[in-house]
Amino acid sequence: ATHKHRARCYGSILWGEKGMRLVGVTRFVMLAALVGATRASLRPAFVGASRVPSHLRSSRPAQLRQSASPARFAPRLPSGIAGPRGLAMQVEGAEKPFVVTTPLYYANGPPHMGSAYPTIATDIISQYRRMQGESVVFITGSDEHGEKIATTAEGAGKAPLEFCDNTVKQFESLWSQLGIRYDSFIRTTDPKHEAVVTEFFNRVNAKGDIYKKDYEGHYCVGCEAYLGDDEMETLDGVENVCSIHRKPAELRREENYFFRLSKYQGALEKLFEENPEFVQPSYRFNEVKKWVEAGVPDFSISRSTISWGIPVPNDPNQVIYVWFDALLGYISGLLHADDVPTLDNAMARGWPADVHIIGKDILRFHAVYWPAMLLSAGLPLPKKIYSHGFLTKDGLKMGKSLGNVLEPTELVNQHGSDAVRYYFSKGLDFGGDGDFSQQRFTDVLNADLANDVGNLLNRCLKPLRKHAGDSFPAHSIAADHRLRLVAADSTTRCAAAYEALDFRAAGEAALDLSRAGNKYMDDMAPWTLFKNGKIEEGCQVLMEILAAVRVVSVLLAPILPTMSREVYNQLGLAADFDTLKWSDAAFGELPIGVPLPEPRPIFERILTDEERAPPPPKPQKKKGEVVPEVDDILRLDLRVGEILKAEMHPDAESLYVETIACGDAEPRQVVSGLAKYMSLESLQGKKVVVLCNLKPAKMRGVESFAMVLAAGTDSVELLEPPADAAVGSRVTVEGMGEPQPDEILKSKSQQKVWDRVVEKLATNAECVGTFDGKMLQVDGEACRVPSLQDSPIK
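### Considering the overall build of the chain
Here's step 1: Check the secondary structure of the chain and you find 24 helices and 32 strands.
Here's step 2: Within the span of the chain, comprising 794 residues, buried residues form 56% of the whole.
Here's step 3: Look at the contacts in the chain between residues 6 or more apart in sequence, and 73% of them connect residues 24 or more apart.
Here's step 4: Looking at the chain as shown, the accessible area adds up to about 33,600 Å², and 51% of this sits on carbon and sulfur atoms.

### Remarks on the pattern of salt bridges
A side chain of one charge can pair with a side chain of the opposite charge if their charged atoms are brought near each other.
Here's step 1: Here the structure, examined in full by the defined rule, presents 36 salt bridges.
Here's step 2: Across the salt bridge formed by Asp315 and Lys212, the nearest N and O atoms sit 3.1 Å from each other. You can see Asp315 sitting in strand S13 (residues 315-320) and its partner Lys212 sitting in strand S4 (residues 210-220), a full 103 residues away along the chain.
Here's step 3: Of the charged contacts, one joins Arg668 and Asp664 as a salt bridge, the two residues approaching to 2.8 Å between their closest N and O atoms.
Here's step 4: What makes Arg668 buried here is its relative accessible area of 17%.
Here's step 5: Overlapping salt bridges bring together Lys426, Asp448, Asp452, Asp489, Arg493, Glu508, Asp512 and Arg515 as one network.

### Details of the environment of Tyr568
Here's step 1: Its location among the elements puts Tyr568 in helix H20 (residues 561-570).
Here's step 2: The exposure class of Tyr568 is buried, given its relative accessible area of 3%.
Here's step 3: Put simply, Tyr568 and Arg550 are 18 residues apart on the chain and 7.0 Å apart in space, counted from C-alpha to C-alpha.
Here's step 4: Look past the residues within four positions of Tyr568 in its chain and what remains in contact with it is Arg550, Ser553, Val554, Leu573, Ala574, Asp576, Phe577, Leu580 and Asp584.

### A short note on the packing of aromatic side chains
Here's step 1: Counted under the stated rule, the structure contains 32 aromatic pairs.
Here's step 2: Each ring, one from Phe259 and one from Tyr264, has its centre 5.9 Å from the other, and the planes form 5 degrees; the classification is stacked.
Here's step 3: A relative accessible area of 0% places Phe259 in the buried class.
Here's step 4: With a centroid separation of 5.6 Å and 65 degrees between ring planes, the pair formed by Tyr568 and Phe577 is classed as edge-to-face.
Here's step 5: Take Phe577: its relative accessible area is 10%, and that puts it in the buried class.
Here's step 6: Counting every residue linked through ring pairs, the aromatic cluster contains Phe200, Phe201, Tyr257, Phe259, Tyr264, Phe299, Tyr321, Trp323, Phe324, Phe365 and Tyr369.
Here's step 7: Over the face of the ring belonging to Phe258 we find Lys213, whose NZ or CZ atom lies 4.8 Å from the ring centre.
Here's step 8: Across from the ring centre of Trp291, 4.2 Å away, lies the NZ or CZ of Arg364, which sits over that ring.

### Looking at the side chain of Asp637
Here's step 1: Position of Asp637 among the secondary structure elements: in the loop between helix H22 (609-612) and strand S19 (638-649).
Here's step 2: Separated by 2.4 Å, the side chains of Asp637 and Arg730 make a polar contact.
Here's step 3: Those residues in contact with Asp637 that lie beyond four places of it in its chain are Val690, Leu691, Cys692, Asn693, Arg730 and Pro741.

### Details of the nonpolar core
Here's step 1: Trp175, Leu178, Phe424, Phe472, Tyr498, Ile545 and Leu546 are the most contacted members of the largest nonpolar core, which has 103 residues in total.
Here's step 2: Considering every element that reaches this core, the biggest residue donor is helix H19 (residues 535-556), with 14 residues.
Here's step 3: Every residue in contact with Tyr498, bar those within four places of it in the chain, is listed here: Ile124, Tyr128, Phe503, Ala506, Leu555, Leu556, Pro558, Ile559 and Trp582.
Here's step 4: Listed in part, the 73 residues of the second largest apolar core include Tyr264, Phe272, Ile301 and Trp308.

### Focus on unusual backbone geometry
Here's step 1: With an omega of -5 degrees, the peptide bond running from Gln280 to Pro281 counts as cis.
Here's step 2: Here the residue pair Trp351 and Pro352 is connected by a cis peptide bond, since its omega of 10 degrees sits within 30 degrees of zero.
Here's step 3: Turning to its location among the elements, Pro352 is positioned in the loop between helix H11 (343-347) and strand S14 (355-359).
Here's step 4: Non-glycine residue Arg700 carries a positive phi angle of around 55 degrees.
Here's step 5: As for its position among the elements, Arg700 is in the loop between strand S23 (697-699) and strand S24 (702-704).

### Details of the sheet that holds strand S11 (residues 302-303)
Here's step 1: Strands sit in the order S11-S13-S12 across an open sheet of 3 strands; the sheet is antiparallel. The open sheet has two edge strands, S11 and strand S12 (311-312), and neither has a second partner.
Here's step 2: Relative to S13, S12 runs antiparallel, the two being bridged by 2 bridges. For Val312, the partnering residue across the bridge sits in S13 and is Asp315.

### Topic: helix H16 (residues 482-499)
Here's step 1: Look at H16: 26 Å from first C-alpha to last across 18 residues, which is about the 26 Å you get at 1.5 Å a residue.
Here's step 2: Those residues of H16 not exposed but buried are Leu483, Arg484, Ala487, Ser490, Thr491, Cys494, Ala495, Ala497 and Tyr498. Projected onto a plane normal to the axis of H16, the buried residues spread over an arc of 155 degrees and lie on a single side. Turned more than 90 degrees off the buried face of H16, the exposed positions are Leu485 and Thr492.
Here's step 3: Phi turns positive one or two residues past the end of H16, at Leu501, with a value near 60 degrees.

### Re the pairing of strand S15 (residues 385-388)
Here's step 1: Side chains Ile385 and Ser387 of S15 all project onto a buried face; the interleaved residues Tyr386 and His388 project onto the opposite face, where all are buried too.
Here's step 2: Judged from the 2 bridges that link them, strand S9 (residues 279-280) and S15 form a sheet pairing that is parallel. Bridge pairing in S15 links Val279 to Ile385.
Here's step 3: The pairing of S14 with S15 spans 4 bridges and is classified as parallel. Paired with His356 across the bridge in S15 is Ile385.

### With respect to the sheet that holds strand S3 (residues 184-187)
Here's step 1: Pairing within the open sheet is parallel, and its 6 strands lie in the order S3-S2-S1-S14-S15-S9. Each having just a single partner strand, S3 and S9 make up the two edges of the open sheet.
Here's step 2: Sheet topology note: the strand S1 (residues 98-106)/strand S2 (residues 136-143) ladder contains 7 bridges and is parallel. If you follow Thr101 over to S2, its bridge partner there is Ile139.
Here's step 3: Lying on the sheet, helix H3 (residues 113-131) is in contact with S1, S2, S14 and S15; it crosses S1 at an angle near 165 degrees.
Here's step 4: This element, helix H5 (residues 160-177), spans S1, S2 and S3 of the sheet and lies at about 160 degrees to S3.

Conventions we followed
Residues numbered from 1 in each chain as written. Predicted model: local features only at pLDDT ≥ 70, side-chain atom pairs only at ≥ 80, totals over all residues. Heavy atoms only, no water. Helix = DSSP H or I, 4+ residues; strand = E, 2+ residues; numbered from the N terminus. Buried < 20%, exposed > 50% of the residue type's maximum accessible area, 1.4 Å probe, protein only. Contact = heavy atoms within 4.5 Å. Areas by Shrake-Rupley, 256 points an atom, 1.4 Å probe, with all protein chains shown as cover. Salt bridge = Lys/Arg side-chain N within 4 Å of Asp/Glu carboxyl O. Phe/Tyr/Trp six-rings, centres within 6.5 Å; stacked < 30°, edge-to-face > 60°. Lys NZ or Arg CZ within 6 Å of the ring centre and 35° of its normal. Polar contact = N/O pair within 3.5 Å; in protein donor to acceptor, adjacent residues only side chain to side chain. Core = buried A, V, L, I, M, F, W, Y, C linked by side-chain atoms within 4.5 Å. Pairing = 2+ DSSP bridges. Expected span 1.5 Å × (residues − 1). Arc of directions from axis to C-beta. Axes fitted to C-alpha atoms, helices over the stretch in contact; angles between N-to-C directions.

As structure tokens, this is what we get:
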């Protein structure tokens, strides 16, 4: 039987004439129990490589499906019992859970970054709420009806349901890869959903808000909707082009059922007047208000030209329009597998939703149609609708025709789930449009996770294990310790940002504590304490910083579950992470005597294209010919450094002694002749270009372990890397490949390498540092001086 015929028969069993309803419900429950019992006797309750609980999947009985998928019935777990993803389930009589939803994604193709983007955000929200001790229901799912799916399936040589089954597997797989921990995956082809939609339709119809009429208009197959004039434009001389899908809308005429949206004009205006927080961000709310103020016409809620959908009750020639169908998934998704599928039962599981996360392309359906539909049915409205912007790649809209589609699976396979989660939350402004570029992706992750948080943990653990052994030493942290105060402030700001769905601000609040930890280490210089035999004091400093790192991992746990767990693992606290709560962000001492595992990077630095490129082939020597194996400039270890501290040389008025971070475990001490050219204050926090592999040398009794590059003779200016360059980044020469620096230029012949290079170092007319006329750069951006043109660099 076709899906349409099957759905119609099943709907009539459940929701037909009054005398049949009880029998139909009884048969439904008996069938659910029978299949569930059979399933339980044959296999574990939770199966599947994606680790998705069986009770989260479609519960269509096997004999009612076109595909050969097994029946999926399993009871929800009682409150407080963890499922495979460690999520507690809600039970009747418990306090209303926090309900958060993604859109129900259209199942006409595999998931893409545009569908991963809001799902990551929704997972972050749900994880934060769980850490706060709230019961959470995170609903996602698939919208599987409509003309576009029927057409796509036909083109693939599959029945629509079989086609959707395959698509849903791809969504489930990606969500597993991204660490998405949802509670309910609702499919609009699920019988319990069809039952809820049918009951909802009947309620609205009984209210007198549904009528039938002939209609002619411009229809977009991509939107599955008739478009208004404000939703179309003229493109390259072609009129009536959908402004979203950029394709001409078809002029159609058909007899359909309509919903009296215009009846709720006043109610919608009152809603927006009394609840200005209903749609967020505020600029999206203003957009919705203008739509409503311009008038809200009735809209079609059925189609007579297709058969793939839920039948209109008592009219076999019409199926319910995809939006009047799919939006109800937010309610049907609340039902447990053993619930009788009624609106009342679904509502009792947690409605209304606390927040719908959607893209701006479906804002009208959610912010105008959906509230009016719920008002008509006498149901509570969701508390908030949050609409995010579009994603672009390298500033361009993504599309197959442009060859710039961003594949989330590929990105996860290359960089891991946390990298993707971090960039598409903290790395973008969630409410506005966001752009992806490989360069920015690399820069953000390297700066925040590899160089900041990851480097701080490494800088502490390695010397701690060296001087204190393989467990935490005794320590205590003062109540007014500066890191404790920063941690309290960061925790407060981070929580407020998560509440406001401002993931960028949440991440920044956490990183402020990490940066404070790095600054504290540079100020306290534990390596100097160790050098001077003050082992206990040095270990105390490191323990204070590690206490801050642990708090950072708690604050970032909703965004970075894998990396945060790894921080806990490296602090010997692995067992504590499974019960992590937001209150664990309280600053405090780490447990004394806890064994410490061998430290390892928690986030590997992402290599740039230049860094990944293979080294240039060695030139072949001809007989009697001497060919240098590597160009001199490539033998230098030039890096971005940051001056942490500068002071006068104790025995020379013309010299400064600087402490410079160069990306090593410990900063380097550098003696420079800058005293007569610039003040100590001007050097503090300055980013500079540092030559790191010269042989260490003593200058007036103080050892120097590197050299700072500057331009000029009578007047001197520091050669500065790009402002956003990460400390420790390589300085390269345009077009000359990746450096292959010697470990130390220690022999006389090796030291002549620098003598040969310095002859070709100079600024050009644009004040850009060059070698033999080629730009000195960091990740493609120039190193330069403020004003000196055509001056030697040394």
